[in-house]
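Chain by chain, the residues run as shown.
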Amino acid sequence: MSSDDTYKIFVIKYATTNMKRETFFVPPFFPAGEIQFDYYISVIANEKRVILVDTGFREETGGRRGRTLLRCPVESLSLCGFDARQVDDVILTHLHYDHAGNMGCFDSARFHIQQREIEFVTSSMMSSANPNLGGSVESSDVHALVDLIFAGRVNILHGSTELVPGIELHLVGGHTPGQQLVRVKTARGWVILANDTCHYEKNVIDRHPVCAFVDLREMMEGFDKIMHLADGDMSRIIPGHDPIVMQRFPSPDKSLKDIVVRVDLPPVGN
Ligand SMILES: [Zn+2]
């Protein structure tokens, strides 16, 4: 394996909230109550390129929705030694508000998103405030995406693909129609940025779906796909909102504990 096609992966925690447990684990299997729900963006980088996975929510959007913004996702790139102008590519895993704000902050980036997701966020489903439908999408983010399409800066994908050697995008669906995950080659082998194909690791371990989906069958099949892509090794699966990510992997610096972790490195915690 040449070092050219392996990558470092930084996961940055930019926001947090408490959610109702039953939203993420269908009752009656788990007791009702609150569960910590963290918000991440990820930076995949080597000497040749810097790729951002999702852009986080905008301060106004998160505030309106009662989320606690800990740090601006765009500015927090500096914690890993990057800035927005260096980002060559932005992978949008899906268009929910917490993954797709701030698109206008990345002037030189090319965006990668599934055609199915674009169709969804411009469909009649957006007229519904249901959180599985229009309720989790910001029309301003859709406008920003359309502007980028007009500017010729969006690579619209029709299924799974290799973005560049060592970085694969896998269309999963389920949570949203165009939900995709990212598989990255690192020095320790493949790592799966599962994103919202798997909010908490327990979802995939127990094959226990979250309540937020448009297609339950695709979500369940997605769990099998994640396990297959990770070779059944949970240390290779990075769930989308699970606080365990910050506990399990090493921070680049002591001052960044519970803020940034390197998931291309082997786990240090449980
Ligand atoms: Zn999410």
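None of the values given here were measured: they were computed from a predicted structure. (Residues numbered from 1 in each chain as written. Predicted model: local features only at pLDDT ≥ 70, side-chain atom pairs only at ≥ 80, totals over all residues. Heavy atoms only, no water.)

### Section: the sheet that holds strand β9 (residues 167-171)
Put simply, the rule is: Think of it this way: DSSP has to see at least two bridges between two strands before they count as a pair. We count a stretch as a helix when DSSP gives it H or I for four or more residues in a row; a strand needs E for two or more, and each element gets its number in order from the N terminus. With axes taken as lines fitted to C-alpha atoms, and helix axes fitted only over the stretch in contact, angles between N-to-C directions fall between 0 and 180 degrees.
Read from one edge to the other, the open sheet built from 5 strands follows the order β8-β9-β10-β11-β12, with strand pairing classed as mixed. Either end of the sheet is taken by a strand with one partner, and the two such strands are β8 (161-164) and β12 (237-239). The sheet shows a mean angle of 25 degrees between the axes of neighbouring strands, direction not considered. Sheet topology note: the β8/β9 ladder contains 3 bridges and is antiparallel. Considered in β9, the bridge of Thr-161 is made with Leu-169.

### Details of the packing of aromatic side chains
The description of an aromatic ring pair uses the distance of the two centres, along with the angle that the planes make with each other. Rule in force here: Think of it this way: a Phe, Tyr or Trp ring, Trp meaning its six-membered ring, pairs with another when their centres are within 6.5 Å, and the plane angle makes it stacked under 30 degrees, edge-to-face over 60, tilted otherwise. Classification of residues uses two cut-offs on accessible area relative to the type maximum, computed with a 1.4 Å probe and protein chains only: under 20% is buried, over 50% is exposed, and between them is partly exposed. Sitting over a ring, as applied to charges here, requires NZ of Lys or CZ of Arg to be within 6 Å of the ring centre and within 35 degrees of the ring normal.
Counted under the stated rule, the structure contains 7 aromatic pairs. An angle of 75 degrees between the planes, with centres 5.4 Å apart, marks the rings of Tyr-39 and Phe-57 as edge-to-face. Pair noted here: Tyr-39 is in strand β2 (residues 34-45) and Phe-57 is in the loop between β3 (50-53) and α2 (59-64), with a separation of 18 residues, a long-range link. Taken individually, Tyr-39 and Phe-57 each receive the classification buried, so the pair is uniform in this respect. Here a set of aromatic residues connected by ring pairs shows up, and it is made of Tyr-14, Phe-37, Tyr-39, Phe-57, Tyr-97 and Tyr-200. The aromatic ring of Tyr-97 is capped on one face by Arg-65, whose charged end is 4.0 Å from the ring centroid.

### Focus: the pairing of β3
Side chains Val-50 and Leu-52 project from β3 onto one buried face, and the interleaved Ile-51 and Val-53 project onto a second face that is buried too. In textbook terms, the turn of a hairpin is the stretch between consecutive antiparallel strands, and for β2 and β3 this stretch comprises 4 residues. Of the strand pairs in this sheet, β3 and strand β5 (residues 89-91) are connected by 3 bridges, and their pairing is parallel. Each bridged residue has a counterpart across the sheet, and for Val-53 the counterpart in β5 is Ile-91.

### Let's talk about the UniProt feature "domain: Metallo-beta-lactamase" (unreviewed entry) in the protein
Test applied: UniProt positions are given in the numbering used here, feature names are shortened, and annotations may be inferred rather than shown by experiment.
Taking the UniProt record as the reference, the feature "domain: Metallo-beta-lactamase" (unreviewed entry) is found at residues 38-241. The span residues 38-241 carries 22% helix and 25% strand; its end-to-end C-alpha distance comes to 5 Å.

### A short note on the coordination of the zinc ion
Using the following cut-off: Ligating atoms shown are N, O and S within 2.8 Å of the metal, or 3.2 Å for Na, K and Ca, and water is not included, meaning a site may look less than complete. Angle rules define the geometry names used: all angles between 85 and 135 degrees makes four donors tetrahedral, while opposite donors over 155 degrees apart and all other angles between 65 and 115 make four donors square planar and six octahedral, leaving every other case irregular.
Within the protein, the zinc ion binds to Asp-98 (OD), His-99 (NE2), Asp-196 (OD) and His-241 (NE2); these donor distances fall in the range 2.0 to 2.6 Å. In this structure, the zinc ion is coordinated by 4 donor atoms arranged in irregular fashion, with angles at the metal of 81 to 157 degrees. Mapping the donors of the zinc ion onto the primary sequence yields the spacing D-H-x96-D-x44-H. With His-99 in the loop between β5 and β6 (110-114) and His-241 in the loop between β12 and α7 (244-248), this pair connects stretches of sequence that are 142 residues apart. In this pair, the class of His-99 matches that of His-241, namely buried.

### Description of the side chain of Glu-168
In plain terms, the rule: The term polar contact refers here to a pair of N or O atoms within 3.5 Å; inside protein, the definition further demands a hydrogen-donor-capable atom paired with an acceptor-capable atom, and it admits residues adjacent in sequence only when both atoms are side-chain atoms. A contact between two residues is defined here by any heavy atoms of the two lying within 4.5 Å.
The residue Glu-168 is located in strand β9 in this model. Since its relative accessible area comes to 16%, Glu-168 is described here as buried. At 2.8 Å, the side chain of Glu-168 and the side chain of His-170 are in polar contact. Ignoring sequence-local partners within four residues, the contact set of Glu-168 consists of Thr-161, Glu-162, Leu-163, Leu-181, Val-182, Arg-183 and Trp-190.

### What about the pairing of β6?
Judged by how many residues are buried, β6 sits mostly within the fold: 4 of 5 residues are covered. Judged from the 3 bridges that link them, β5 and β6 form a sheet pairing that is parallel. Along β6, the bridge assignment pairs Val-90 with Phe-111. Alignment of β6 against strand β7 (residues 154-157), held across 4 bridges, turns out to be parallel. Of the residues in β7, the one forming a bridge with Ile-113 is Ile-156.

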